[in-house]
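Given next are the chains, with one letter for each unit.
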Amino acid sequence: MSALPIMIGVLCFLAIAYRYYSAFLATKVMVLDDSRETPAHTMYDGQNYYPTNKWVLFGHHFAAISGAGPLVGPVLAAQFGFLPGLLWLVIGVTLGGAVHDFIILAASTRRKGKSLAEIARTEISPLSGVITGIAIMFIVVIALAGLGLVVVKALGESPWGTFTVGFTIPLALLMGLYMYKFRKGKITEGTIIGVIGLFIAVILGGRIAESSLAPTFTLSETTITYLMAAYGFIASVLPVWMLLCPRDYLSSYMKIGTVAFLIIGVIVVAPHLNMPATTPFVNGGGPIIPGKLYPFVFITIACGAISGFHSLISSGTTPKMISLESHARMIGYGGMLMEGVVGVVALIAATSLLPGDYFSINIDQKDEQKKAAYMQFVDTHSTEGFDLHEQELERLTQETGEKNLRGRTGGAVTLAIGIARIFEKIPGLNGLMKYWYHFAIMFEALFILTTIDTGTRVARFMLGEFLGRVYKPLERPDWLPGAIVTTALIVFGWVYFIRTGSVSTIWPMFGIANQLLAAIALCVGTTVIINSGRAKYAWVTILPLSFVATTTLIAGWRSIFDIFLKDTVKPETAARGYTNVTLTAIMMSCVIIVLVDSVLKWRRTIRAAKDVAEAVVVTGD
């Protein structure tokens, strides 16, 4: 099937959703009011609370929320075929993900930029506040580990990619100093410098990879993990304008520009989707996602449709920088729709590969035993119309300049090849496969690293708020010793999971954690709507809450018994298995507690409002 009608249909559907549904949410449900001062003005401190141009903030927010999920999730879910993922991406993002992001952003903006846990404490109950805080601590660490693992797999032993991505860090520092110190307010000039710098980074990366400096930038996965930890720590502690905001703004141009170019590429090239609409693995037994289509496709795609991680950004850095309430519509709802588009183009890129090449890249083949198991898998599952033997992979390996593409699990390499194949087929751009491939790797790594830095910063805000109950100065985001301690604890947590886990264990946990957090955020959003006296509109959050909570709790249950408990019987993986079982059970328990507490709160609030209305009728007031 051609991808052209799919791409056009998706764009039209999302445009209609933004024009009408987001306007309904902004005017009727949250009633945005620009005369109400935002915390960026009332609590200005020059570091965390900072009024920001709406386009710059859109760039920061989109860069922060757009991590590995919309890129890697659809790629991994392609094992089920292109249709299930496509339907969930389009329906989920309009009715679930974008609503989730917008409601939490607007709610946090009106509450001094407070975190999700603090909003839960004041809107639902102190119990829900504590439980949400505990859940977030577990969830955010696992989420950051899942995102970070993709970077590690993409950049390991790749000097071109490592140099290019590393180059963007000093480039972002230069942009931050230029726009906020040297030439204050000159955003256009800073943007031009940044965009030119990105292209220089890609070109120089190719030269470095072919020079004597290549070994210097050829780093192991372990080294990249620790360097990423150092970056996440520094970016979390520095003032937001110095590195975080300009880097996110810079990468957002690359993200949005690349996605736009991909859309154009899909329209011009009209690639054929070689993966069938559904595969035999919808009934389970898949080599990448070891579970059935329901519920695992929903936790695998995760961020592209709805992401609980976004609630941390929408109640973290963004509400502290939003200048006018009306900007929340474009930034919250519009930013998430853009992420949905990213998910769709990632799915198209992955499913345009031939099935044999797709599975060869995504199944581990590091040793002879795993290679033999892979060959047996190919022979067993190949059927007419679904040939799993390699066809183009050898040629693609040579044209990308990589040593080996087989067994490059994690989804990042698959997506980069899919993107490069589409770009190469655009008239006048052929013969540049290795440049397109490494450009795509940088594109993916920037996507993810901007979530790592912002996620770490948001997590240390929340941990500071939580620990502030024990030691008051820790809740102050501008207190440097507290920032250092809380950041170090968060970074240590996600590095531990990267070092001890794998794609097959971390990604299911990431998907479950992410969707469970979305359920908590939707509970909070529903409570905010009901507490504000607009209970008749609560269906906008209750609808996605019902589906996400049910599906994810089932996925958590199945993951414990079908995936994680199997690790406990092997001595080499027993510790990891028990850790995953325990954390998943804790997260599921937290969500159930918040769900029950929220429903009780809704009943009390609605009953109280009804009693007041009846009293008014009786007294005639």
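For the structure itself, look to the data block above.
These figures come from a predicted structure and were not determined experimentally.

Each value, and the rule that gives it
Residues numbered from 1 in each chain as written. Predicted model: local features only at pLDDT ≥ 70, side-chain atom pairs only at ≥ 80, totals over all residues. Heavy atoms only, no water. Helix = DSSP H or I, 4+ residues; strand = E, 2+ residues; numbered from the N terminus. Rg over C-alpha atoms; globule rule 2.2 N^0.38 Å. Buried < 20%, exposed > 50% of the residue type's maximum accessible area, 1.4 Å probe, protein only. Contact = heavy atoms within 4.5 Å. Lys, Arg positive; Asp, Glu negative; His and termini not counted. Charge placed at Lys NZ, Arg CZ, Asp CG, Glu CD. Expected span 1.5 Å × (residues − 1). Polar contact = N/O pair within 3.5 Å; in protein donor to acceptor, adjacent residues only side chain to side chain. Patch = residues over 30% accessible without salt bridge, like charges linked within 9 Å, V, L, I, M, F, W, Y side chains within 5 Å. Areas by Shrake-Rupley, 256 points an atom, 1.4 Å probe, with all protein chains shown as cover. Salt bridge = Lys/Arg side-chain N within 4 Å of Asp/Glu carboxyl O. Phe/Tyr/Trp six-rings, centres within 6.5 Å; stacked < 30°, edge-to-face > 60°.

J.: Please provide a residue-by-residue account of the overall build of the protein, values included.
T.: Within the protein one finds 24 helices and zero strands. In terms of overall dimensions, the protein is globule-like: its C-alpha atoms have a radius of gyration of 23 Å, near the 25 Å expected for 621 residues. Taking the principal axes of its C-alpha atoms as reference, the protein extends roughly 80 × 55 × 50 Å. Split into buried and exposed, the 621 residues of the protein put 61% on the buried side. For the protein, long-range pairs separated by at least 24 residues make up 85% of all intrachain contacts whose partners lie at least 6 apart in sequence. Separation of charge centres in the protein, based on 47 positive and 39 negative side chains, amounts to 7 Å.

J.: Please give an account of helix α3 (residues 54–65) that cites residues and values.
T.: For α3, spanning twelve residues, the distance from its first C-alpha to its last is 16 Å, which sits close to the expected 16 Å at 1.5 Å a residue. Counting buried positions along α3 yields ten of twelve residues, so the element is predominantly enclosed. Those residues of α3 lying buried are V56, L57, F58, G59, H60, H61, F62, A63, A64 and I65. Capping the start of α3 is the job of one residue whose side-chain oxygen sits 2.8 Å from the backbone nitrogen of W55: N53.

J.: A description of a nonpolar patch on the surface should follow, citing residues and the corresponding values.
T.: Residues L83, L87, I91, L95 and L543 make up a contiguous nonpolar surface patch of roughly 430 Å² in combined accessible area. When residues of the nonpolar patch are assigned to their parent elements, the largest contribution, four residues, is made by helix α5 (residues 82–109). Positionally, L87 belongs in helix α5.

J.: So what's going on with the packing of aromatic side chains? Which residues, and what values?
T.: Applying the stated criterion across every chain yields a total of 24 aromatic pairs. Measuring from centroid to centroid gives 5.1 Å for F298 and F547, while their planes differ by 80 degrees, and the two rings are edge-to-face. One end of the pair, F298, is in helix α13 (residues 293–301); the other, F547, is in helix α23 (residues 539–568), with 249 residues separating them in the sequence. A relative accessible area of 16% means that F298 is categorised as buried.

J.: So what about the pattern of salt bridges? Which residues, and what values?
T.: One pass over the structure, following the stated rule, counts twelve salt bridges. With a closest N to O distance of 3.8 Å, K371 and E368 form a salt bridge. Within this pair, K371 and its partner E368 are both found in helix α17 (residues 368–381), separated by three residues, close to a single helical turn. In this structure, R558 engages D562 in a salt bridge whose closest nitrogen and oxygen atoms are separated by 2.8 Å. Separated by four residues within a single helix, R558 and D562 lie in helix α23, roughly one turn from each other. Classification of R558 as partly exposed rests on a relative accessible area of 31%. Assessed through its relative accessible area of 28%, D562 is described here as partly exposed.

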